[in-house]
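One-letter residues, chain by chain:
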Amino acid sequence: LYHYYSAWYGLLDELRRKHPSTVFENCSSGAMRHDIGLLRHYDLHFISDTAGVMDVLRIGQGDLLRMPPGRILRWITPRGIEQPVMLKRPPEKKHVLSPAGATWSIAETVDPDFLVISAMFGAMAFSGDLQSLSQPIKNRIKWFVDFYKQRRRLIMDAACHLLTPVRPMNDRAGWTILQMQAPETTESLVFHFYMPDDGQERRLVRLRALIPEKNYRVRRVGPESSAEQVFPGKQLMETGLELHEAFDQNTEFKAGIIAVEPQ
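The notes below deal with the structure included here. (Residues numbered from 1 in each chain as written. Predicted model: local features only at pLDDT ≥ 70, side-chain atom pairs only at ≥ 80, totals over all residues. Heavy atoms only, no water.)

A few words on helix α4 (residues 135-150). In this model, α4 (16 residues) spans 23 Å end to end at C-alpha, consistent with the 22 Å of a helix rising 1.5 Å per residue. Along α4, the positions that sit buried rather than exposed are Ile-137, Ile-141, Phe-144, Val-145, Phe-147 and Tyr-148. Axial view of α4: buried residues confined to an arc of 160°, hence all on one face. Exposed residues lying more than 90 degrees from the buried face of α4 are Pro-136, Lys-149 and Gln-150. Residues of α4 that are buried sit in contact with β4 (96-99), α3 (112-117), β6 (123-126), α5 (152-157), β9 (188-194) and β11 (215-221). (Helix = DSSP H or I, 4+ residues; strand = E, 2+ residues; numbered from the N terminus. Expected span 1.5 Å × (residues − 1). Buried < 20%, exposed > 50% of the residue type's maximum accessible area, 1.4 Å probe, protein only. Arc of directions from axis to C-beta. Contact = heavy atoms within 4.5 Å.)

Here it is in structure tokens:
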């Protein structure tokens, strides 16, 4: 086994030397080829065969306990809603299709914001059929891609604080909240994911590793403008930041981003 891995790593390193501009992705096959040692030989890691959005989100939570977020590859795999496919539930207006597993044999309808935001706290990549999307959805995705490019260095170098517990794959309820933070400046992006019909419209979450005596500008990130508020770091860590999302019994998972920037 030692000689096998020595030869395999040597081959990878030779390819990287010969093709320095190529991105090498490790497909982890259910994490059977996913360990800290591989970080020296691959650029990025896709953590499982499934491209189901909630599957990847749940697996990604667990992976963040041992891997830096900037090295985890997250595929956005949409298709237009008009294409015929077997759906897990009826389509809704302004949604896109996404695989419900590792293939397109069964798909699910997904809010486009949720699809894109769930891939933004790592290395974001696109697959699927982007040409089949409507122009309004393309414009909305473009807004988030432009924002990601502005914050790409922060995200790729960030430390990640898991503000809610890691949950099993089949647990789809409640809130999932992550704080991506630039250790040098303490600037943070708080990613939150939630099911609007589970009755938890508000969630108070304590941020971490801020500077207590410094003030922070807090605003929701998105194509729609939002008001900015200012809070002391001590308050955000001790009292917490309240997240509020309206109840909706007829929608699927949604997501949001809160920017927390030192004044």
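For the rest of this paragraph, the subject is the side chain of Glu-187. Structurally, Glu-187 is set in the loop between β8 (175-181) and β9. Since its relative accessible area comes to 18%, Glu-187 is described here as buried. Here Arg-151 takes part through its side chain, which lies 3.3 Å from a polar atom of the side chain of Glu-187. For Glu-187, the contacting residues outside a window of four places in its chain are Arg-151, Leu-154, Met-180, Gln-181, Ala-182, Val-260, Glu-261 and Pro-262. (Polar contact = N/O pair within 3.5 Å; in protein donor to acceptor, adjacent residues only side chain to side chain.)

To continue, consider the sheet that holds strand β12 (residues 229-232). Either a parallel or an antiparallel arrangement is found when strands of a sheet pair, and the pairing is made through backbone hydrogen bonds. On the basis of which strands lie adjacent, the open sheet formed by 6 strands has the order β7-β8-β9-β14-β11-β12 and antiparallel pairing. Either end of the sheet is taken by a strand with one partner, and the two such strands are β7 (159-162) and β12. Taking the axes of each pair of neighbouring strands and ignoring which way they run, one obtains an average angle of 25° across the sheet. As paired elements, β8 and β9 share 7 bridges and run antiparallel to each other. Residue pairing in the sheet places Met-180 in a bridge with Leu-189 of β9. (Pairing = 2+ DSSP bridges. Axes fitted to C-alpha atoms, helices over the stretch in contact; angles between N-to-C directions.)

Counted by the stated rule, this structure contains 3 cavities of 30 Å³ or more. If you add up the space inside the largest cavity, you get close to 70 Å³. For the largest cavity, the full set of lining residues is Ala-51, Val-53, Val-56, Leu-57, Arg-74, Trp-75, Leu-115, Ser-118 and Ala-119. Residue assignment for the lining of the largest cavity shows that the elements contributing at least two residues are α2 (53-63) and β3 (73-76). Classifying every residue of the lining of the largest cavity by side-chain character gives 7 nonpolar, 1 polar and 1 charged. (1 Å grid on protein atoms, 1.4 Å probe; cavity = no way out; pocket = protein on both sides within 12 Å on 5 of 7 lines; lining within 4 Å. Points joined across faces, edges and corners; volume = space filled by probe spheres on them. Nonpolar A, V, L, I, M, F, W, Y, C, P; charged D, E, K, R; others polar.)

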